[in-house]
2 protein chains.
Amino acid sequence: MDALLKEIAERIGPANVLVGDDVTARRVDWLTGAPCRAGAIVRPASTDELAAVMRACHAARQPVVTHGGLTGLVHGAEAAPEELVISLERMSAIEAVDPVGGTLTAQAGAPLQRVQEAAEEVGLQFPLDLGARGSCTIGGNIATNAGGIRVIRYGMMRQQVLGLEAVLADGSVVSSLNHMLKNNAGFDLKQLFIGSEGTLGIVTRAVLRLQPPAPDVQTALVACPSFSALTGLLGHMGRALGGSLAAFEAMWQSHYRLLTEESGRHPPPLATDAPFYVILESLGTDPDAHAAQFSRALEAALEEELIDDAVLAQSTQQRHGIWAIREDIEGLIQALSPLFTFDVSLPIAAMERYVEDLEAALHRAWPKGRLVTFGHLGDGNLHLSVGVGVSDPATRAAVESLVYTPLAELGGSVSAEHGIGLEKRDFLAVCRTPEEIALMHTLKQALDPQGLLNRHKVLPHGAG
Amino acid sequence: MDALLKEIAERIGPANVLVGDDVTARRVDWLTGAPCRAGAIVRPASTDELAAVMRACHAARQPVVTHGGLTGLVHGAEAAPEELVISLERMSAIEAVDPVGGTLTAQAGAPLQRVQEAAEEVGLQFPLDLGARGSCTIGGNIATNAGGIRVIRYGMMRQQVLGLEAVLADGSVVSSLNHMLKNNAGFDLKQLFIGSEGTLGIVTRAVLRLQPPAPDVQTALVACPSFSALTGLLGHMGRALGGSLAAFEAMWQSHYRLLTEESGRHPPPLATDAPFYVILESLGTDPDAHAAQFSRALEAALEEELIDDAVLAQSTQQRHGIWAIREDIEGLIQALSPLFTFDVSLPIAAMERYVEDLEAALHRAWPKGRLVTFGHLGDGNLHLSVGVGVSDPATRAAVESLVYTPLAELGGSVSAEHGIGLEKRDFLAVCRTPEEIALMHTLKQALDPQGLLNRHKVLPHGAG
């Protein structure tokens, strides 16, 4: 690797080739704090520099791992000593904002929050939002097709991307920096790089779609008497609010009661004896009309017995208090440690039975085991937290099997929004057919025949 | 081809292998009425039958052309005598509707309008809409990534597809019938088949996303004093209406005046001396609140001088009267015949100058030539109608050059929503780089190395 690093240092400057302590000081996993084990970290400053780096790596058959904001949850940033990390930290510029066309062009290393702020400065919004907004990058959001809390209203990252530029494994640059909502001139190549976790190319720049602002936020916490009431409520709120329903975050009683009454971490805004709770959020423009519409929708839900009780946030503080219950991962870790977390999706109609069966199976195997369930119900996405008292690899494998296996029959997915990375690679076949996996290998082979880009991630190297 | 047809007839029944007059009676182009010239038309009834047909074609190296509703505009359905047409007309079932999850599963040959109706039957809507709704099929909508009149609100066909199934060139079946909004388990293979015009696989089934209904429609025709007022109006209406703005259809004076005052085909709802007109449409839920919000937005636009005048549709009949001006293709044909039509997209900020320059260039070449412009402004999409008195191939080529060449520098596209087909294949390089076209060939080679599927369409066969 030394000769290659010398060549790269000549191209991008020795200060931008990190080795030794500068590598191990970097944490590749924010949950475990695991250090980076790569042979070196290189930091190109431009697409041209990155293309030169990849041309050199390609000639030397040097495998690389791309780093964005390092906020992923599936070990996608892990690198072996014989691998080279390419960090996009110096490619973080917001290059252009077009308020007329409603577009923003950024380099891949730009943090999500900076993009959100730049959109607000021209009176628009960039609607993708997630907890890691301050650290995660646009390139990482694209590579993992990030989701978050507003997917029912605005879609995942894929829907926010109008154009992008990527460097391929051989160092060639594919620049598809389209700015229009409509462009059907040939294959839509950007789709290849969105959600493929850096295995088909390294995203360097993107043109993002901005949206009109929706400044009035209405938030409520409601209690549902049954799962059928919960799904009825989803349909009712969709019809009553039209395009403005932005969040439909369900908490099973297990989740709501644990983080309020049981742990004492949050005062319960509603009594804890309902089977299901939902945080409803709507984004509107005209404050008075929107507030009235939201209240009417809740009143109708009460009348139709879709909900038993409701509390409407009357201030930003109350709103944050409601969301704090849903987002209290710390509280889950405290209560369930050692904690296994899962991010699955499945058809909404199958969720109640799936959770009940999973809970029963866990209790059979570990009588003191606990399952805590919440999720973006409107998106078909559940986040499952499991604590069984131990976390050795065999236990982990047994829990994974209980969680993932039933998804095959239900048409569910082992990853709703976190991706596959290394963590779920061996479970891909639970939810994708042999023909699908063969086609993924065909694509990998066509774009990266030497297997240089994020090897072993998503798909096993050499298999297929 | 005879041995192959015999083999296919044994598999799918002789009544489903059409030859002779049954082939030539079919029109492959609804504008010209050109007859089908294929060697035969085969009509499988299921994915299994289609897979068997493709396995046989693959073994015999038989090129095929897929037929949906035959409403395309870029000669994508043309077939040569040595080619076999595969028609999906017998695969038109709506297989399932899930009102809880908001999904509909259909075979590729299902007409768009039947899908819209099936969604309405369960109190939801399928929002993609275009003039050919009665004939065009879901498979064709997917293969061409259809657009239409509600793209600013709901996106193009790509955004409506949750999962799909396709038969590849070798007859293998890739079934990705995902039902969830979120699924990041490996590469999103369906994206390969959306918008690639049948060149990478034959779409057989799809899971579509349904939306809550938005039954209250508010429609207005407004006159704008300048292009900057027009773009200001787009931003203003987006902010004022939030998610409910569904159409922003601009007509240059050339279009509005021709189809009202000049031709006498439609009474002009507003005086014809403004430089720009826009049809604004908003889709809401609560009729009173939505109507009030729409009126306030229009009043504010008048006060801010973004518009000079406005007429609000007070009835369905008035609404149809306004749209009839925008949709009167017959009127354009009458006035400009022989007519050349174009479907381009470009950044909104560049549109005024592009149209002015194009008009000047046309007048220099053909002093009596006319350019009539309208389009989905909010999507960056212009439909240009050009009449220069003649339509010989040399004239067509000269007009195409004037229309397409300036798009390269502007970052525009030679096809916003109609696709490439045969008609625009030789102009692909105007708006896609050599690296992009090389990557398209890489994909074609990986998925269809014998070049059997819709050969010569989109990309030249064998080049690259």
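The rules we used
Residues numbered from 1 in each chain as written. Chains lettered and ligands numbered in written order. Predicted model: local features only at pLDDT ≥ 70, side-chain atom pairs only at ≥ 80, totals over all residues. Heavy atoms only, no water. Helix = DSSP H or I, 4+ residues; strand = E, 2+ residues; numbered from the N terminus. Buried < 20%, exposed > 50% of the residue type's maximum accessible area, 1.4 Å probe, protein only. Contact = heavy atoms within 4.5 Å. Areas by Shrake-Rupley, 256 points an atom, 1.4 Å probe, with all protein chains shown as cover. Lys, Arg positive; Asp, Glu negative; His and termini not counted. Charge placed at Lys NZ, Arg CZ, Asp CG, Glu CD. Least-squares fit on C-alpha atoms with pLDDT ≥ 70 in both. Axes fitted to C-alpha atoms, helices over the stretch in contact; angles between N-to-C directions. Left-handed = near helix turned anticlockwise from the far one by under 90°. Nonpolar A, V, L, I, M, F, W, Y, C, P; charged D, E, K, R; others polar. Core = buried A, V, L, I, M, F, W, Y, C linked by side-chain atoms within 4.5 Å. Arc of directions from axis to C-beta. Buried area = accessible area lost by both parts, 1.4 Å probe. Salt bridge = Lys/Arg side-chain N within 4 Å of Asp/Glu carboxyl O. Polar contact = N/O pair within 3.5 Å; in protein donor to acceptor, adjacent residues only side chain to side chain. Patch = residues over 30% accessible without salt bridge, like charges linked within 9 Å, V, L, I, M, F, W, Y side chains within 5 Å. Phe/Tyr/Trp six-rings, centres within 6.5 Å; stacked < 30°, edge-to-face > 60°. UniProt positions renumbered as here; feature names shortened; annotations may be inferred. Domains from an automatic or database assignment. Pairing = 2+ DSSP bridges. Expected span 1.5 Å × (residues − 1).

Engineer: Explain the overall build of chain A residue by residue, including any values.
Structural biologist: Along its length, chain A carries 17 helices and 16 strands. Across the 464 residues that make up chain A, the buried fraction comes to 58%. Residue pairs at least 24 apart in sequence account for 71% of intrachain contacts in chain A once pairs closer than 6 positions are excluded. Summed over its atoms, the accessible surface of chain A is roughly 16800 Å², and 51% of this surface lies on carbon and sulfur atoms. For chain A, the centre of its 35 positive side-chain charges and the centre of its 54 negative side-chain charges are spaced 5 Å apart.

Engineer: Describe the relation of the copies chain B and chain A, with residues and values.
Structural biologist: After a rotation of 180° and a shift along the axis of 0.0 Å, chain B superposes on chain A with an RMSD of 0.0 Å. In symmetry terms, the pair is related by a two-fold rotation axis. No C-alpha of chain B lies nearer the rotation axis than that of Gly243(B), which sits 2.8 Å from it.

Engineer: Quick rundown of the packing of helix H14 (residues 351-365) of chain B against helix H15 (residues 393-410) of chain B? Include the residues and the values.
Structural biologist: Residue and element names in this part refer to chain B. Where H14 meets H15, the axes come as close as 10 Å, and the angle between the chain directions of the two elements is 145°. Crossing of H14 against H15: the hand is right-handed. Every residue of H15 that contacts H14 at Tyr 354, Leu 358, Ala 361 and Leu 362 is listed here: Leu 402, Val 403, Pro 406, Leu 407 and Leu 410. Partitioning the contact of H14 with H15 into residue classes produces nine nonpolar, no polar and no charged.

Engineer: Any chance you could break down the nonpolar core for me, citing the residues and the numbers?
Structural biologist: Judged by nonpolar contacts, the single largest core of 224 residues is most densely connected at Leu233(A) and Leu233(B). In contact with Leu233(B), not counting residues within four places along its chain, are Val222(B), Cys224(B), Phe248(B), Val278(B), Leu280(B), Ala301(B), Leu306(B) and Ile307(B).

Engineer: Please set out helix H12 (residues 316-326) of chain B residue by residue, giving values where relevant.
Structural biologist: All names here are of chain B. Among the residues of H12, Ile 322, Trp 323, Ile 325 and Arg 326 are the ones counted as buried. Here the buried residues of H12 occupy an arc of 150° about the axis, which is enough to place them on one side. Away from its buried face, by an angle of more than 90 degrees, H12 presents the exposed residues Thr 316 and Gln 317. Structurally, H12 contributes buried residues whose contacts are with strand E10 (216-224), strand E11 (245-252), helix H10 (253-262), strand E12 (276-284), strand E13 (309-312) and strand E15 (370-376).

Engineer: Please set out the interface of chain B and chain A residue by residue, giving values where relevant.
Structural biologist: Accessible area lost upon the coming together of the parts serves often as the stated size of an interface. Contacts between the two partners involve 86 residues from chain B and, on the opposite side, 86 residues from chain A. Buried area between chain B and chain A, both sides added, is near 6100 Å², and the carbon and sulfur share of it is 62%. Sorting the residues of chain B by area buried against chain A places Lys182(B), Asn184(B) and Phe187(B) first, and these three jointly supply 17% of that buried surface. Put simply, Asp188(A) and Arg158(B) hold a salt bridge, and the shortest N to O gap is 3.4 Å. In this structure, the connection of chain B to chain A is made through 40 residue pairs in polar contact (both at pLDDT 80 or more). Considering every element that reaches the side of chain B that touches chain A, the biggest residue donor is helix H17 (residues 434-447) of chain B, with nine residues. Grouping the amino acids of the side of chain B that touches chain A by side-chain chemistry returns 36 nonpolar, 35 polar and 15 charged.

Engineer: Got a sec to walk through a negative patch on the surface? Specific residues and values, please.
Structural biologist: Where like charges cluster on the molecular surface, the negative patch consists of Glu261(A), Asp273(A), Glu305(A), Asp308(A) and Asp309(A). Within the secondary structure, Glu261(A) sits in helix H10 (residues 253-262).

Engineer: Could you give an account of the packing of aromatic side chains, with specific residues and numbers?
Structural biologist: Summed over the entire model, instances satisfying the criterion amount to twelve aromatic pairs over all chains. Judged by centre distance (5.2 Å) and plane angle (80°), the ring pair of Trp252(A) and Phe276(A) falls under edge-to-face. With Trp252(A) in strand E11 (residues 245-252) and Phe276(A) in strand E12 (residues 276-284), this residue pair connects regions lying 24 residues apart in the sequence. The pair formed by Trp252(A) and Phe276(A) is uniform in burial state, with each residue classed as buried. Ring geometry for Tyr404(B) and Phe427(B): centres 4.7 Å apart, planes at 50°, overall tilted. Pair noted here: Tyr404(B) is in helix H15 and Phe427(B) is in the loop between H15 and helix H16 (428-431), with a separation of 23 residues, a long-range link. Cluster of aromatic residues (ring-pair linked, three or more members): Phe227(A), Trp252(A) and Phe276(A).

Engineer: Please provide a residue-by-residue account of the UniProt feature "domain: FAD-binding PCMH-type" (unreviewed entry) in chain A, values included.
Structural biologist: With numbering aligned to this structure, UniProt lists the feature "domain: FAD-binding PCMH-type" (unreviewed entry) at residues 34-213 of chain A. With 23% helix and 22% strand, the stretch residues 34-213 of chain A has end C-alpha atoms that lie 39 Å from each other.

Engineer: With reference to specific residues and values, describe the domain arrangement of chain A.
Structural biologist: All names here are of chain A. Domain parsing of chain A yields domain 1 (2-87), domain 2 (94-209), domain 3 (216-326) and domain 4 (329-430). Distance from the C-alpha centre of domain 1 to the C-alpha centre of domain 4: 33 Å. Taken residue by residue, the interface counts five residues in domain 1 and seven residues in domain 4. Between domain 1 and domain 4, a total of about 510 Å² is buried, with carbon and sulfur atoms accounting for 67% of that surface. Among the residues domain 1 hides against domain 4, the three largest losses belong to Leu 73, Val 74 and His 75. Together they make up 82% of the total. Inspection of the domain 1/domain 4 interface yields zero salt bridges. The interface formed by domain 1 and domain 4 holds three residue pairs in polar contact (both at pLDDT 80 or more) in total. Here the side of domain 1 that touches domain 4 is composed, by residue class, of two nonpolar, two polar and one charged.

Engineer: How would you sum up the sheet that holds strand E7 (residues 161-167) of chain A? Please name residues and give values.
Structural biologist: Residue and element names in this part refer to chain A. Taken in spatial order, the five strands make up an open sheet running E5-E6-E9-E7-E8, and their pairing is antiparallel. Every other strand in the sheet has two partners, leaving strand E5 (94-98) and strand E8 (173-176) as the edge strands with one partner each. On average, each strand axis in the sheet is inclined to that of its neighbour by 10°, with strand direction left out of account. Inspection of the sheet shows strand E6 (residues 103-107) paired to strand E9 (residues 202-209) by five bridges, in the antiparallel sense. For Gln 107, the partnering residue across the bridge sits in E9 and is Arg 205.

Engineer: Break down the sheet that holds strand E8 (residues 173-176) of chain B for me, with residues and values.
Structural biologist: All names here are of chain B. A sheet is described by the order of its strands in space; here five strands give the open sequence E5-E6-E9-E7-E8, paired in antiparallel fashion. Looking at which strands have only one partner, the edges of the open sheet turn out to be strand E5 (94-98) and E8. The sheet shows a mean angle of 10° between the axes of neighbouring strands, taken without regard to direction.

Engineer: So what's going on with helix H17 (residues 434-447) of chain A? Which residues, and what values?
Structural biologist: If you check H17(A), its first and last C-alpha atoms are 20 Å apart, about what 14 residues at 1.5 Å a residue would give, namely 20 Å. Restricting attention to buried positions, one finds in H17(A) the residues Glu436(A), Ile437(A), Leu439(A), Met440(A), His441(A), Leu443(A), Lys444(A) and Leu447(A). Taken together, the buried residues of H17(A) touch helix H8 (190-193) and helix H16 (428-431) of chain A together with E8, helix H8 (190-193) and H17 of chain B.

Engineer: Account for unusual backbone geometry, with residues named and values stated.
Structural biologist: Between Ser337(A) and the following residue, Pro338(A), the backbone shows a cis peptide bond with an omega angle of -5°. Along the chain, the position of Pro338(A) falls in the loop between helix H13 (329-336) and strand E14 (339-345). Here Leu70(B), not a glycine, exhibits a phi torsion of approximately 60°, which is positive. Tracing the sequence through the fold places Leu70(B) in the loop between strand E3 (64-67) and strand E4 (84-87). We note that His75(B) has phi near 60°; this positive angle belongs to a residue other than glycine. On the basis of relative accessibility, which here comes to 24%, the residue His75(B) falls in the partly exposed class.

Engineer: Would you mind going over the pattern of salt bridges in detail, with residue names and values included?
Structural biologist: Residues and elements named next belong to chain A. Summed over the entire model, instances satisfying the criterion amount to 46 salt bridges over all chains. Salt-bridge contacts for Arg 133 lead to Asp 129; the nearest nitrogen and oxygen are separated by 2.6 Å. With a relative accessible area of 28%, Arg 133 lands in the partly exposed category. A single network of salt bridges, built from pairs that share partners, joins Arg 26, Arg 43 and Glu 89.

Engineer: Describe the side chain of Lys424(A), with residues and values.
Structural biologist: Residues and elements named next belong to chain A. Examined against the element boundaries, Lys 424 turns out to sit in the loop between helix H15 (393-410) and H16. It is Asp 343 that comes nearest to the buried, bridge-free Lys 424 among opposite-charge side chains, at 4.0 Å. Here the side chain of Lys 424 touches Val 414 through a polar contact of 2.8 Å, landing on its backbone oxygen. Setting aside chain neighbours within four positions, we find Lys 424 in contact with Val 74, Asp 343, Tyr 404, Val 414, Ser 415 and Gly 419.

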